[in-house]
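Letter by letter, the chains look like this.
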Amino acid sequence: MQTTVLQRPIDRVEADALIVHHFSGGHRAAGATGEVDRALGGLITELAARGDLATEVGGVTPLFVRAGVAAPRVLVVGLGDPQRADAEAVRSASGAAVRRARELGAKRVAIGALGSGVGGLTPSEAARATVEGARLGLYRYRAAAAQALGGHVDHGVDELLIVVPDAERVEAVSDGVRWGEATADGVELARDLVNLPPNVATPTHLAAVAEQLARDHGFAVTIGDRAWAEERGMGAFLAVAQGAGHEPRFIVLEHDPSRGKEAPLVLVGKGVTFDSGGVSIKGRAGMEAMKSDMAGAAAVLGAMRTIGRLRSPRRVVALVPATENMLDAHAYRPADVLQASNGLTIEVISTDAEGRLLLADTLAYAQQLKPKAVVDLATLTGACVVALGRGTAAGRFANDDALAARVDAAGAATHERVWPLPLWPEYLDDLESDVADMKNSSGKPHGGAPVAAAFLQRFVDYPWVHLDIAGMALRDDARGYQTKGATGYGVRLLVHWVTHA
Ligand code: BES
Ligand code: ZN
Ligand code: ZN
C-alpha cells in the first residue's frame, strides 16, 4: 500500500472512499467534515441532529452519495468526546474507518489528518496517529510475503491518501506521515514474526531478519551460535537450547550514530520460538499459543526497524537470545545445576521457567556494554496475565525511578500500557536453593511475576526495566487499529522511549 500526502480541497478528492470524522455531544461539523457537509447540502449535520451518526470512537457510518463530492462513498467515523480525543482515539478511529472502507471494496482511500485543530493534536501528531491507525488496522498476515523481510504485504487497499486542505500544513503533515509509516513498518514486522509458525520463525530465521535489518539500515550485527555462547560461559541460555532441534542464536544488533561515544540504550527481547515447557512439559490445550513466546524478540526487532528508518540519533543495541524450549534425550532436566556467564549457579526446578534462564545470560552480557539503561520485554509468566489480565497492560518492574517514569510515559503516550509491580528482595526467599545460588522457580503457586523479576535482578547492575508481556502478545479479535493474532505490542513503546530518552 502506498501512502501519499495530497493537497486538494476535500470535496474534490477522487477516491473510492473518503473518510471524515465527527465528535459526539452535538458538535458542529467543522474543518474537512464541515466542507464535506456543505458539499453534501448539510447531510452530515442533519444525520447528526437526528442521532443517526455513530459518534463513539471508531463508530463508522457509511454514506453512499451521488453528487457533491468526487468520492462515491463518504465514511463518517466517530472520534468521541472532543475533550478526550487523543492520539489513541485517532489511531482507533482511523483503523476502524479504513478497515470498513476495505470491506466496502475501496482500493483508494482518502482521509484527513484526524483530530488536528479541535482534537488538540498538532497537524504532525494527528497525521502520524492517522497513518499508524490506518496501516495497523489494515494489517494482514501473509505468510509467503512476510517470510521475506520487506516483502510486499497485501493490505487490500492500494493507496492511502492523506488529504491536506492548505499548503502551510503540507510539511508538518508529511513529517507526521513519515513517522507513522516508519512506526507501522516496525509493528508489522513484529506482528509478522509472531504470526509466523514456529517451524518457520526459528532462531536462524530471527537471525536472518536481524542481518537483513543490518543491511537495510547500516547496523552492526553479530550472530552468536552455540560455540559462541559456550566461549562466553552462557550456561543458562545453552541449557535451554540443549534439547532443541533448531540451532540457537544469540543476536546482537547495534545502531550507533555516535560511533562508540555514547552509552547505549539496550533493548532485550525473549526469543523462545516455541515453548513446549521442556521436560516440565505444558498441557496440550492451547500449547499452540506458545509460538508467541518470542514476542519480546519480535518487538525489539520491530523497534530496530523503526529506529533505523527514522535515523534516530541515539545509540541503541538490541539483544535477542533465541532458542526453542523442546525436549529430547539431551534436554536439560529438573534438578540440573547450571552456571550462568556471571558465575551464579542455578538449580533447575522447572524447565518451563526457561525465559529467565536465557535472560540471565543476556542481562549479564548487557553489563559489558556499559549501558545507559536496559529495557527487557519477555512473555515471562502466566502469573502476570492472572494479575493484570489479557490485553490490558504489561507488568513493569524497575530498579530506577527515573527510567521507570520514562517507560511509563512511553506506555501512556502509545497506549501500550504498563503497570508497576514490586521488585522487593523478599521475593528471592522463595528461590533459595540447597545446591546452588538460586532455584529457577519457587515451585509455589503465588507471586510468579515478581519472583521471576527478582530472579532477573540478580543479573543486573545498571538502570533497568523489565516488562512482563505474557498477556500482550496475542489477541482474539480485531478492534480499532488492532487486528486478530499478533499485536506487535512493545514496538511503539520502545520507539517512543528511545526517541524521548
Ligand atoms: N512462556 C511462558 C509464560 C507464558 C504463559 C507466556 C502464558 C504467555 C502466556 C513461560 O516460559 C512459562 O512457562 N512460565 C511459567 C513459569 C513457572 C514454571 C515458574 C508459568 O508462568 O507457568
Ligand atoms: Zn516456559
Ligand atoms: Zn516461555
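Residues numbered from 1 in each chain as written. Chains lettered and ligands numbered in written order. Predicted model: local features only at pLDDT ≥ 70, side-chain atom pairs only at ≥ 80, totals over all residues. Heavy atoms only, no water.

**Observations concerning the overall build of the protein**
Threshold: Only DSSP runs of H or I reaching four residues or more are called helices, and only runs of E reaching two or more are called strands; each is numbered from the N terminus. Per-residue accessibility, obtained with a 1.4 Å probe over protein chains only, is compared with the maximum for each type, and a residue is labelled buried under 20%, exposed over 50%, and partly exposed between these values. Every residue pair with non-hydrogen atoms within 4.5 Å of one another is taken to be in contact. We get accessible surface area from the Shrake-Rupley algorithm with a probe of 1.4 Å; when it comes to residues, only the shown protein chains can shield them. Think of it this way: Lys and Arg go in the positive column, Asp and Glu in the negative one, and His and the chain ends go nowhere. Each charge is placed at NZ for Lys, CZ for Arg, CG for Asp and CD for Glu.
In terms of helices and strands, the protein carries 15 helices and 20 strands. C-alpha atoms of the protein, sized along the principal axes, occupy 80 × 45 × 40 Å. Counting only residues that meet the buried cut, the protein has 57% of its 501 residues in that class. Restricting the contact set of the protein to residue pairs at least 6 apart, pairs at least 24 apart contribute 77%. Accessible area for the protein stands at about 19,300 Å²; split by element, carbon and sulfur atoms hold 48% of it. Side-chain charges in the protein split into 51 positive and 59 negative, and the spacing between the mean points of these groups amounts to 5 Å.

**Here we look at the coordination of the zinc ion (ligand 3)**
In ideal tetrahedral geometry, four donors around a metal make angles of 109.5 degrees, whereas ideal octahedral geometry with six donors gives angles of 90 or 180 degrees. Counted only if it meets this: Coordination partners: N, O, S within 2.8 Å of the metal, 3.2 Å for Na, K and Ca; water not considered, so apparent gaps in a site are possible.
Only Lys-270 (NZ), Asp-275 (OD), Asp-293 (OD) and Glu-354 (OE) from the protein reach the zinc ion (ligand 3) as donors, at distances of 2.0 to 2.4 Å. Sequence spacing of the donors to the zinc ion (ligand 3): K-x4-D-x17-D-x60-E. In this structure, the zinc ion (ligand 3) is positioned 3.2 Å from the zinc ion (ligand 2), and both are ligated by Asp-275. Looking at Lys-270, the relative accessible area reads 1%, which means it is buried.

**A short note on the sheet that holds strand β12 (residues 337–339)**
Defined as follows: One bridge is not enough; two strands pair if DSSP finds at least two bridges between them.
Taken in spatial order, the 3 strands line up as β12-β13-β17 in an open sheet, and their pairing is mixed. Edge positions in the open sheet fall to β12 and β17 (438–439), since each of these has one partner strand only. With 2 bridges joining them, strand β13 (residues 345–347) and β17 adopt parallel strand pairing. Considered in β17, the bridge of Ile-346 is made with Met-438.

**Description of the environment of Arg-309**
With respect to the helices and strands, the residue Arg-309 is situated in helix α10 (residues 295–310). The exposure class of Arg-309 is partly exposed, given its relative accessible area of 35%. A C-alpha to C-alpha distance of 39 Å links Arg-309 and Gly-343, two positions 34 residues apart in sequence. Sequence-distant contacts of Arg-309, defined by excluding residues within four places in its chain, comprise Arg-178, Glu-181, Ala-182, Asp-185 and His-217.

**Things to note about the packing of aromatic side chains**
Stated precisely, the cut-off is as follows: Only the six-membered ring of Trp is used, alongside the rings of Phe and Tyr, when aromatic pairs are assigned; centres must lie within 6.5 Å, and planes under 30 degrees apart are stacked while those over 60 apart are edge-to-face, with the rest tilted.
Here the structure, examined in full by the defined rule, presents 6 aromatic pairs. Measuring from ring centre to ring centre gives 5.9 Å for Phe-237 and Phe-250, while their planes differ by 80 degrees; the resulting arrangement is edge-to-face. Here the residue Phe-237 occupies a position in helix α9 (residues 235–241), and Phe-250 occupies one in strand β8 (residues 249–255), the gap between them amounting to 13 residues. On the basis of relative accessibility, which here comes to 1%, the residue Phe-237 falls in the buried class. Taking the centre distance of 6.3 Å and the plane angle of 5 degrees together, the rings of Trp-424 and Tyr-427 count as stacked. One aromatic cluster is present, formed by Trp-228, Phe-237, Phe-250 and Tyr-365 through successive ring pairs.

**Details of the nonpolar core**
The nonpolar side chains of a soluble globular protein tend to be buried, and buried together. Selection criterion: Only buried Ala, Val, Leu, Ile, Met, Phe, Trp, Tyr and Cys residues count toward a nonpolar core, and they belong to the same one when joined by side-chain atoms within 4.5 Å. Segment limits for the domains were obtained from an automatic or database-derived domain assignment.
Counting 59 residues, the largest nonpolar core has Leu-193, Leu-253, Leu-267, Leu-467 and Trp-497 as the members making the most contacts within it. Here this core gets 10 residues from one element, more than from any other, and that element is α10. In terms of domain composition, this core takes at least three residues from each of domain 1 (2–184) and domain 2 (196–213 + 259–500). Here Leu-193 is in contact with Ala-201, His-205, Leu-206, Val-209, Met-294, Ala-298 and Leu-301, once residues within four sequence places are set aside. If you look at the next biggest cluster of nonpolar residues, it comprises 50 residues, including Leu-238, Leu-344, Leu-357 and Leu-369.

**Looking at the coordination of the zinc ion (ligand 2)**
What counts, and what does not: By the criteria applied here, four donors are tetrahedral when all angles lie between 85 and 135 degrees, four are square planar and six octahedral when opposite donors are over 155 degrees apart and every other angle lies between 65 and 115, and any other arrangement is irregular.
At this site the zinc ion (ligand 2) is bound by Asp-275 (OD), Asp-352 (O), Asp-352 (OD) and Glu-354 (OE), with donor distances of 2.0 to 2.2 Å. Considering all 6 donor atoms around the zinc ion (ligand 2), the spread of angles at the metal, 70 to 167 degrees, places the coordination shape in the irregular class. Sequence spacing of the donors to the zinc ion (ligand 2): D-x76-D-x1-E. The exposure class of Asp-352 is partly exposed, given its relative accessible area of 23%.

**Examining the site of ligand 1**
Formally: For this purpose, a residue is taken to be near a molecule or strand whenever a single non-hydrogen atom of the residue falls within 4 Å of it. Under this definition, polar contacts are N or O atom pairs within 3.5 Å; protein pairs additionally need one hydrogen-donor-capable and one acceptor-capable atom, and for neighbouring residues in sequence, both atoms have to be side-chain atoms. All amino acids are sorted into three groups, where Ala, Val, Leu, Ile, Met, Phe, Trp, Tyr, Cys and Pro are nonpolar, Asp, Glu, Lys and Arg are charged, and the leftover types, Gly among them, are polar.
Of all residues adjacent to ligand 1, which total 15 residues, the nearest are Lys-282, Asp-293, Asp-352, Glu-354 and Gly-382. Asp-352 places a polar side-chain atom, nitrogen or oxygen, 2.8 Å from an oxygen atom of ligand 1. The contact in question runs from an oxygen atom of ligand 1 to an N or O atom on the backbone of Gly-382, over 2.7 Å. In isolation ligand 1 offers 520 Å² of accessible surface; the protein chains occlude 74% of this area. A class-by-class count of the residues in the shell around ligand 1 yields 3 nonpolar, 5 polar and 7 charged.

**Quick look at the domain arrangement of the protein**
Just so we agree on the cut-off: Buried area adds together the accessible area that both of two parts lose upon being put together, with accessible area traced by a 1.4 Å probe. Only one rule defines a salt bridge in this text: a Lys or Arg side-chain nitrogen within 4 Å of an Asp or Glu carboxyl oxygen.
Under the domain assignment, the protein is made up of domain 1 (2–184) and domain 2 (196–213 + 259–500). Carbon and sulfur atoms make up 63% of the surface buried where domain 1 meets domain 2, a total of about 1,800 Å² over both sides. Summed over the shared surface of domain 1 and domain 2, the result is 1 salt bridge. Linking Arg-492 and Glu-132 is a salt bridge whose minimum nitrogen-to-oxygen distance equals 3.8 Å. The interface formed by domain 1 and domain 2 holds 5 residue pairs in polar contact (both at pLDDT 80 or more) in total.

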